[in-house]
Amino acid sequence: MASGLVVVLGVLLLADAAARGSWDVVLVALGPVAAAVWVTWVATVRPCIRFDDDAVTVVNPLRTTRVPWPAVRAVRQRWQVLVDTVDGRTVTCRGGPALPRRRPGAGGPADAPAVRPLLDRLAEPRRVAGSVGPDAPVETTWDRVPVVLGAVVGGLLVVSIVTATVTALA
């Protein structure tokens, strides 16, 4: 929540500098503001867990892993949802719900009543449903969009550093 407010504030201040014609300020601030927007999007908005009749798809910040249901051995909850595969891999779901913190003085393990229905649904046996064969592989791929956008943001950061250096020397 706070990171989103910082992003909105940065974008508004950047727009204000552009409206006032302070292009040196815009060029210096564009890289850091773009980096804040990208990091917020990649870390908090983009990650998710999707599942259908064929597989569970884990969308993490820069990578996506598709685990066919026949390859799922177990679904566990630690700090994040973990999908264990039959080949021994563990896929961490960065976009899943996290366990609540324990309250001081509360005994016993942390209870996660909101997470339990998701885990139950993910753990349902789906080995016969769908069109995926029993030996379908687990696929992990880099996501081009966030990686390319990260490279663009890196370029904008270089532009900001060069502009700040030139402005300071002038």
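Rules of the game
- Residue positions are given per chain, counting from 1 as you read along its sequence in written order.
- In view of the model being predicted, local features appear only for residues whose pLDDT reaches at least 70, and side-chain atom pairs are presented and counted only at 80 or more, with totals across whole chains, interfaces and linings using the full set of residues.
- Hydrogens and waters are ignored; side-chain quantities use all the structure's heavy atoms.
- A run of DSSP states H or I qualifies as a helix once it reaches four residues; a run of E qualifies as a strand once it reaches two. Both are numbered from the N-terminal end.
- Pairs of N or O atoms within 3.5 Å make up the polar contacts considered here, provided that, within protein, one atom can donate a hydrogen while the other can accept it, and that residues adjacent in sequence are counted only when both atoms are side-chain atoms.
- Between two residues, a contact is recorded if the distance between any of their heavy atoms is within 4.5 Å.
- Accessible area is worked out with a 1.4 Å probe on protein chains only. A residue is then buried under 20% of its type maximum, exposed over 50%, and partly exposed in between.
- Strand pairing is assigned whenever DSSP detects at least two bridges linking the two strands.
- Centres within 6.5 Å make a pair out of two Phe, Tyr or Trp rings, where for Trp the six-membered ring is used; the pair is then stacked when the planes are under 30 degrees apart, edge-to-face when over 60, and tilted otherwise.
- Here, a charge over a ring means that NZ of Lys or CZ of Arg falls within 6 Å of the ring centre while also lying within 35 degrees of the ring normal.
- Axis lines are fitted to C-alpha atoms, over the contacting stretch for helices. Their N-to-C directions set the angle, which ranges from 0 to 180 degrees.
- Side-chain atoms within 4.5 Å link the members of a nonpolar core, which is a set of buried Ala, Val, Leu, Ile, Met, Phe, Trp, Tyr and Cys residues.
- For classification purposes, an angle smaller than 35 degrees is called roughly parallel, one larger than 145 roughly antiparallel, one from 65 to 115 roughly perpendicular, and anything else oblique.
- Take the far helix as your reference; a near helix turned counterclockwise from it by less than a right angle gives a left-handed crossing, and one turned clockwise gives a right-handed crossing.
- Under the scheme applied, nonpolar residues are Ala, Val, Leu, Ile, Met, Phe, Trp, Tyr, Cys and Pro; charged residues are Asp, Glu, Lys and Arg; polar residues are all the others, including Gly.
- To estimate how far a helix should reach, multiply one less than its number of residues by 1.5 Å.

Points about the side chain of Asp 84
Move 1: With respect to the helices and strands, Asp 84 occurs in strand β5 (residues 81–85).
Move 2: Looking at Asp 84, its side chain comes within polar contact range of the side chain of Arg 76, at 2.6 Å.
Move 3: In contact with Asp 84, not counting residues within four places along its chain, are Ala 71, Val 72, Arg 73, Ala 74, Arg 76, Arg 89 and Thr 90.

With respect to the pairing of strand β2 (residues 55–59)
Move 1: With respect to burial, β2 is a largely interior element, five of its five residues being buried.
Move 2: Neither face of β2 is open: one carries Ala 55, Thr 57 and Val 59, the other Val 56 and Val 58, and all of them are buried.
Move 3: Examined bridge by bridge, strand β1 (residues 48–51) and β2 share four bridges and lie antiparallel to one another. Bridged to Arg 50 within β2 is Thr 57.
Move 4: What sits between the antiparallel neighbours β1 and β2 is a turn of three residues.

A word on the packing of aromatic side chains
Two descriptors summarise a pair of aromatic rings, namely the distance from one centre to the other and the angle between the planes of the rings.
Move 1: Counting across every chain of the model gives zero aromatic pairs.
Move 2: Lying across the ring of Trp 142, Arg 63 places its NZ or CZ 4.5 Å from the centre.

Considering the sheet that holds β2
Move 1: With antiparallel pairing, the four strands of this open sheet are ordered in space as β1-β2-β3-β7. Of all strands in the sheet, those bounded by a partner on one side alone are β1 and β7 (139–142). The average undirected angle you get between the axes of adjacent strands in this sheet is 15°.
Move 2: Across five bridges, the pairing between β2 and strand β3 (residues 63–68) is antiparallel. Within β3, the residue paired with Val 56 across the bridge is Val 67.

Focus on the nonpolar core
Move 1: Of all hydrophobic cores here, the largest spans 13 residues; its most connected members are Val 56, Val 67, Val 72, Val 83 and Cys 93.
Move 2: At the level of secondary structure, the elements contributing two or more residues to this core comprise β2, β4 (72–77), β5 and β6 (90–93).
Move 3: Ignoring any residue separated from it by four or fewer positions in sequence, one finds Val 83 in contact with Val 56, Val 67, Val 72, Ala 74, Arg 89, Thr 90, Val 91 and Cys 93.

Some thoughts on the packing of helix α2 (residues 23–45) against helix α4 (residues 144–169)
Move 1: Contact geometry for α2 and α4: axes closest at 8 Å, N-to-C directions at 155°. Taken as axis vectors, α2 and α4 run roughly antiparallel relative to one another. α2 and α4 meet at a crossing whose hand is left-handed. Between α2, through Asp 24, Leu 27, Val 28, Ala 29, Leu 30, Gly 31, Pro 32, Ala 34, Ala 35, Trp 38, Trp 41 and Val 42, and α4, the contact on the second element is made entirely by Val 145, Pro 146, Leu 149, Gly 150, Val 153, Leu 156, Leu 157, Val 159, Ser 160, Thr 163 and Ala 164.
Move 2: For the contact of α2 with α4, the class distribution of residues is 18 nonpolar, four polar and one charged.

A closer look at α4
Move 1: Helix length check: α4 (26 residues) gives 38 Å between terminal C-alpha atoms against 38 Å at 1.5 Å per residue, within 8%.
Move 2: Among all positions in α4, only Pro 146, Gly 150, Val 153, Ser 160 and Thr 163 are buried.
Move 3: The inward-facing, buried residues of α4 abut α2.

Honestly, that's just the spatial picture; any functional story needs more than this.
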